[in-house]
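# Fold and contact review
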Amino acid sequence: MNYWLMKSEPGTFSIDHLAKAKSRTTGWDGVRNFQARNYLRSMQEGDLALFYHSSCEVPGVAGIVKVVREGYPDKTAFDPKDHHYDPASKADAPRWYAVDVKLERKFDRIVALDELRKYEKGKLKDMVVLRRGNRLSITPVTKSEFEFVRSLV
DNA sequence: GCCAACGTTGGC
DNA sequence: GCCAACGTTGGC
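For the structure given in this document, a descriptive report is provided here. Owing to the predicted nature of the structure, the values given are computational and were not obtained by experimental measurement. Note on numbering: residues in each chain are counted from 1, in written sequence order. Chains and ligands are labelled by the order in which they are written, letters from A for the one and numbers from 1 for the other. Totals for whole chains, interfaces and linings use every residue, but because this is a predicted model, local features are given only for residues with pLDDT of at least 70 and side-chain atom pairs only at 80 or more, for both listing and counting. Here the side-chain values reflect all heavy atoms present in the structure, with hydrogen atoms and water set aside.

### Looking at unusual backbone geometry
- Here S23, not a glycine, exhibits a phi torsion of approximately 60°, which is positive.
- Considering the arrangement of structural elements, one finds S23 in the loop between α1 (15-20) and β2 (25-28).
- If you check the backbone angles, S55 has positive phi at about 50° while not being a glycine.
- Secondary structure follows DSSP: runs of H or I at least 4 residues long count as helices, runs of E at least 2 residues long count as strands, and numbering of each begins at the N terminus. Along the chain, S55 falls in the loop between β3 (48-53) and β4 (60-73).

### Some points on the environment of Y97
- Topologically, Y97 is positioned in strand β5 (residues 97-112).
- Since its relative accessible area comes to 16%, Y97 is described here as buried.
- Sequence separation between Y97 and S8 is 89 residues, and the spatial gap between their C-alpha atoms is 16 Å. Burial classes follow relative accessibility: with a 1.4 Å probe on protein chains only, a residue under 20% of its type's maximum area counts as buried, one over 50% as exposed, and anything between as partly exposed.

### Concerning the protein's contact with DNA strand C
- What makes a residue near a molecule or strand is one non-hydrogen atom of that residue sitting within 4 Å of it. Neighbouring DNA strand C are K7, Y52, S54, S55, P59, L113, R135 and L136.
- Contact distances for DNA strand C include 3.0 Å between a phosphate oxygen and a backbone N or O atom of S55.
- What qualifies as a polar contact is a pair of N or O atoms within 3.5 Å, subject to a donor-acceptor requirement within protein and to the restriction that residues adjacent in sequence count only when both atoms come from side chains. For DNA strand C, a base oxygen lies 2.5 Å from a polar atom in the side chain of R135.
- When residue character is reported, Ala, Val, Leu, Ile, Met, Phe, Trp, Tyr, Cys and Pro are called nonpolar, Asp, Glu, Lys and Arg charged, and the others, Gly included, polar. Taken together, the residues of the surface near DNA strand C sort by class into 4 nonpolar, 2 polar and 2 charged.

### Description of the protein's contact with DNA strand B
- Contacts to DNA strand B come from N33, F34, R132, G133 and R135.
- Backbone sugar and phosphate groups make up 68% of those atoms of DNA strand B lying within 4 Å of the protein.
- Between DNA strand B and R132, the relevant distance is 2.2 Å, taken from a phosphate oxygen to a side-chain nitrogen or oxygen of the residue.
- Contact distances for DNA strand B include 2.7 Å between a base oxygen and a side-chain N or O atom of R135.
- Residue composition of the surface near DNA strand B, grouped by class: 1 nonpolar, 2 polar and 2 charged.

### Section: the pattern of salt bridges
- Any Lys or Arg side-chain nitrogen found within 4 Å of a carboxyl oxygen on Asp or Glu counts as a salt bridge. All told, the structure shown has 8 salt bridges when counted by the stated rule.
- By sharing partners, the salt bridges in this structure join K143, E147 and R150 into a single network.

### Points about the side chain of S8
- When you line up the elements, S8 lands in strand β1 (residues 3-8).
- Here, residues are in contact when the closest pair of their heavy atoms is within 4.5 Å. The residues contacting S8, other than those within four sequence positions of it, are F13, W28, F51, Y52, H53 and S54.

### A few points about helix α2 (residues 34-42)
- Turning to α2, its buried residues are A36, R37 and L40. All buried residues of α2 lie within an arc of 105° about the axis, which places them on one face of the element.
- Its buried side turned inward, α2 meets β1, β2, β5 and β6 (138-141).
- For α2, the capping residue at the N-terminal end is N33, with a side-chain oxygen 3.0 Å from the backbone nitrogen of Q35. Comment: arc refers to directions from the helix axis out to C-beta atoms.

### A short note on the nonpolar core
- Within this scheme, the nonpolar core is defined by two criteria: the residues are buried Ala, Val, Leu, Ile, Met, Phe, Trp, Tyr or Cys, and they are joined through side-chain atoms within 4.5 Å. One finds L5, L50, V61, L116 and M127 to be the most contacted residues of the largest nonpolar core, which totals 20 residues.
- Of all elements in the fold, only β1, β3, β4, β5, α3 (113-117) and α4 (143-151) reach the threshold of two or more residues within this core.
- If we skip the residues at most four places from it in the chain, L116 touches V61, V111, L124, L130, V149 and L152.
- Core analysis: the next-biggest nonpolar cluster, separate from the first, contains 19 residues, A36, V65, V67 and L136 among them.

Don't take any of this as a statement about function, it's just geometry.
Structural data, given as structure tokens:
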């Protein structure tokens, strides 16, 4: 059982979109970064992730999602009409992967990046998303980091 | 809109 | 294999 942080731009897909989705579940596709792809593929059913809103007015953690389907080829890479189309990804040798996640809990409030930074010298001192220059859309989170963030709500 | 911090691409 | 150019991310 591992823990993660997954970024999404709420203007494109927010936690409320997920709350309204069928079975409160969505395919997490469109990831086009190899390191993030590797993390996606290493996710296991039952893993939990912090759902993070990025590139928005109040960046921060909006809730918790659970991995309900492990890595499978990202079909958006095969579709020339899709924004995430990648001709280098072939059906018999897929380059990109997706997982399915289900909304586990929407926080009553956003745990803002500002708030997380209060602990960047303490409990969250190794949290990847707080590191300078971090841009990865999927990052690992330790159990204690995960539980600490959850305890803030 | 700015810009730092990357990751990727492609010429050599 | 190097590295400049380019594109993207994401906080501010």
